[in-house]
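# Residue-level structure breakdown
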Amino acid sequence: MVHTHDTLFIGGEFVAGQGNDTITVVNASTEEVIGRVPEGTRADVDAAVAAARRSFADPGGWGGFTAHQRAEAMNRLADELDARQKDIAAAVSSQNGMPLGLSSQFEVNYPSAVIRYYAGLAATTEELEHRAGFLGAGDTLVQRSPMGVVAAIVPWNFPQALTAWKVGPALAAGCTLVLKPSPETVLDSCLFAEAAKAAGLPPGAVNIVPAGREIGAYLVSHPGVDKVTFTGSTAAGRSIGEVCGRLLRPVTLELGGKSAAVFLDDVDLDLAAIGESLFAACFINNGQTCFLSSRILAPRSRYDEVVDAISTLAGSMTVGDALDPVTQVGPMATAAHRDRVEGYIAKGKAEGGRVTAGGGRPAGLAKGWFVEPTVFADVDNSSTIAREEIFGPVLSVIAYDDEDDAVRIANDSEYGLGGSVWTSDPARGQAVARRVRTGTIGVNRYLPDIAAPFGGVKASGGGRDLGPEALAAHLELKSIYV
Ligand code: NAD
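Bear in mind that the values here come from a model prediction, so they are computed numbers and not experimental data.

Rules used in this analysis
- Residues numbered from 1 in each chain as written.
- Predicted model: local features only at pLDDT ≥ 70, side-chain atom pairs only at ≥ 80, totals over all residues.
- Heavy atoms only, no water.
- Helix = DSSP H or I, 4+ residues; strand = E, 2+ residues; numbered from the N terminus.
- Contact = heavy atoms within 4.5 Å.
- Salt bridge = Lys/Arg side-chain N within 4 Å of Asp/Glu carboxyl O.
- Buried < 20%, exposed > 50% of the residue type's maximum accessible area, 1.4 Å probe, protein only.
- Phe/Tyr/Trp six-rings, centres within 6.5 Å; stacked < 30°, edge-to-face > 60°.
- Domains from an automatic or database assignment.
- Polar contact = N/O pair within 3.5 Å; in protein donor to acceptor, adjacent residues only side chain to side chain.
- Pairing = 2+ DSSP bridges.
- Axes fitted to C-alpha atoms, helices over the stretch in contact; angles between N-to-C directions.
- Parallel < 35°, antiparallel > 145°, perpendicular 65-115°, else oblique.
- Left-handed = near helix turned anticlockwise from the far one by under 90°.
- Nonpolar A, V, L, I, M, F, W, Y, C, P; charged D, E, K, R; others polar.

## Describing the environment of Gly97
- By the secondary structure assignment, Gly97 is in the loop between α3 (85–96) and α4 (100–124).
- When the C-alpha positions of Gly97 and Val114 are compared, they lie 23 Å apart, and in sequence the two are 17 residues distant.
- In contact with Gly97, other than residues within four places in its own chain, are Ala28, Val92, Asn286, Ala322, Gly330 and Pro331.

## Digging into the pattern of salt bridges
- One pass over the full model with this rule turns up 22 salt bridges.
- Across the salt bridge formed by Arg131 and Glu129, the nearest N and O atoms sit 2.8 Å from each other.
- With relative accessibility at 41%, the residue Arg131 sits in the partly exposed group.
- A salt bridge links Glu129 to Arg144; the nearest nitrogen and oxygen atoms lie 2.9 Å apart. Taken together, the residues span a long stretch of sequence, with Glu129 in strand β5 (residues 128–131) and Arg144 in strand β6 (residues 140–146) at a distance of 15 residues.

## As for the packing of aromatic side chains
- For the structure on display, the rule yields ten aromatic pairs.
- Between the aromatic rings of Tyr117 and Tyr118, the centroid separation amounts to 4.9 Å while the plane-to-plane angle is 80 degrees, which identifies the pairing as edge-to-face.
- Judged by its relative accessible area of 22%, Tyr117 is partly exposed.
- Taking relative accessible area as the criterion, Tyr118 reaches 0% and is therefore assigned buried.
- One aromatic cluster in this structure is built from Trp165, Phe291, Tyr446 and Phe454.

## Quick look at the domain arrangement of the chain
- Once the domains are mapped, the chain shows domain 1 (3–255 + 459–481) and domain 2 (259–449).
- Domain 1 and domain 2 are separated by 31 Å when their C-alpha centres are compared.
- Each partner contributes to the interface: domain 1 provides 31 residues, whereas domain 2 provides 31 residues.
- Here domain 1 and domain 2 share one salt bridge between them.
- A salt bridge links Arg238 to Glu414, with the shortest nitrogen-to-oxygen separation between them at 2.9 Å.
- Counting the contacts that link domain 1 with domain 2 gives 13 residue pairs in polar contact (both at pLDDT 80 or more).
- Contributions of two or more residues to the side of domain 1 that touches domain 2 are made by α3, α4 and α8 (234–247).

## Some points on the sheet that holds strand β19 (residues 442–443)
- Taken together, the seven strands give an open sheet; going across it, the order is β14-β15-β16-β13-β12-β18-β19, and neighbouring strands pair in mixed fashion. Across the chains shown, the open sheet's two edge strands, defined by having one partner strand only, are β14 (354–357) and β19.
- Each of β14, β15 (374–377) and β16 (394–400) is contacted by helix α11 (residues 335–350), which is oriented at about 25 degrees to β15, the strand it contacts most.

## Quick word on the sheet that holds β5
- The three strands are arranged β5-β6-β22 in an open sheet whose pairing can be described as antiparallel. At either end of the open sheet lies a strand with only one pairing partner, and these are β5 and β22 (475–481). In this sheet, neighbouring strand axes are inclined to one another by 20 degrees on average, regardless of whether the strands run parallel or antiparallel.
- The pairing of β6 with β22 spans seven bridges and is classified as antiparallel.

## Digging into the packing of α3 against helix α6 (residues 187–198)
- Following both chains from N to C, one finds α3 and α6 inclined at 160 degrees, their axes separated by 8 Å at the closest point. Relative to α6, the element α3 is oriented roughly antiparallel. Every pair of crossing elements has a handedness; the one defined by α3 and α6 is left-handed. Facing Asp87, Ile88, Ala91, Val92 and Gln95 of α3, the residues of α6 in contact are Leu187, Asp188 and Leu191.
- Partitioning the contact of α3 with α6 into residue classes produces five nonpolar, one polar and two charged.

The structure is reproduced here in structure tokens:
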């Protein structure tokens, strides 16, 4: 079925938009066209920002809701998302190639859990805090107010989870939003809009304008926007950061990564024990995940063993149609993205990397943008595939001498987003984790927690999603000395 409905959601209504261009949505596993929908324009962004401003300013709009009312409405939104789980999971998987087993958890149960978490925080956040004065001359009332209209821009790789990361804290704070999803994943954003409408969110509280980067850039610099929150590539993040710097507009930037998995010399490499966690930390979502540990740091004393384990893991995965429940690795999201990933594989070979798993296209899959899960051994940390984000199922195994050397190599990266440490001694693992310069890291596992701040350092961005930190990033502070 080809989806042709209006997908712009402005002021609580689905609209056709004011332009003539359409977004063509293609199934990444079959290359079939599954949607032709209107593409947002500048005029649509103007209308969406105006609707968000009205809802923020209007006593009957989102801005007039008490914290308790916001929490109730957000819980209804979570319920409506849950009611659409099957459709959302199928939409995400067909568009970006995410295996259905993964989208059925992280693109459905998880986003509603994020919204419920922030509904809980909304109900408990102190809008006026009385603080005793330090010098005894008087006290202070610290007032927390919503920043206003938020421009939220998300990528295609975890479209619903990342939408929830943006929508949850913004709505909890009392802000209204204009959300710009990627054109690659517009169909699930339409289902999110349906959920917002069914939940009875006041018109304009959440507006959705699917479009490409030019319209995204227009939204970022729009005079009616008070705060920008962006997840995507480092290149786009730099450009958005520059614009927000000039405008002195608060901005959260969640960008790319090239994280390290540090295998300590006491690690148990039994894949029956660690295979599932290792897969989640290094390969999840076909490698199209920002926090993946794509540099495997192995002690020289056990280098061959680590290469064998990682290569066995890569070689054992079921690659196939994202909608097939047995698939562990689906296709790349677009043809252009597969070209990019294959370009890195060619570069890795040209720079002397030794392919120990994959390296090509899987046999028997004539359609779809598939790449074999690939492992390179004998990689130096200075080579291109160890430095640049590939965003595909491609790992590099890099040798280190001792623990200090491992930490040095882990930190020798432009990025600092995720990471992991693998060891039989959790205390030792935590000690190493504390030395890695990164925003998040796991010991014998990796999974962002909804209640903990998530984000990066260095070229991985600034500011944090999730946790109370993301809510605080949508609140303005005023000190009233009394
Ligand atoms: P991208 O930067 O090309 O696009 C992301 C979104 O930003 C899209 O909606 C796009 O239309 C929009 N956009 C692009 N340039 C823009 C600009 N100048 N102004 C305004 N909007 C703009 O990234 P992508 O290819 O869609 O996603 C993959 C990237 O996202 C990877 O680098 C990945 O690491 C990163 N990512 C980061 C996180 C995180 O939390 N740190 C999570 C997921 C993905």
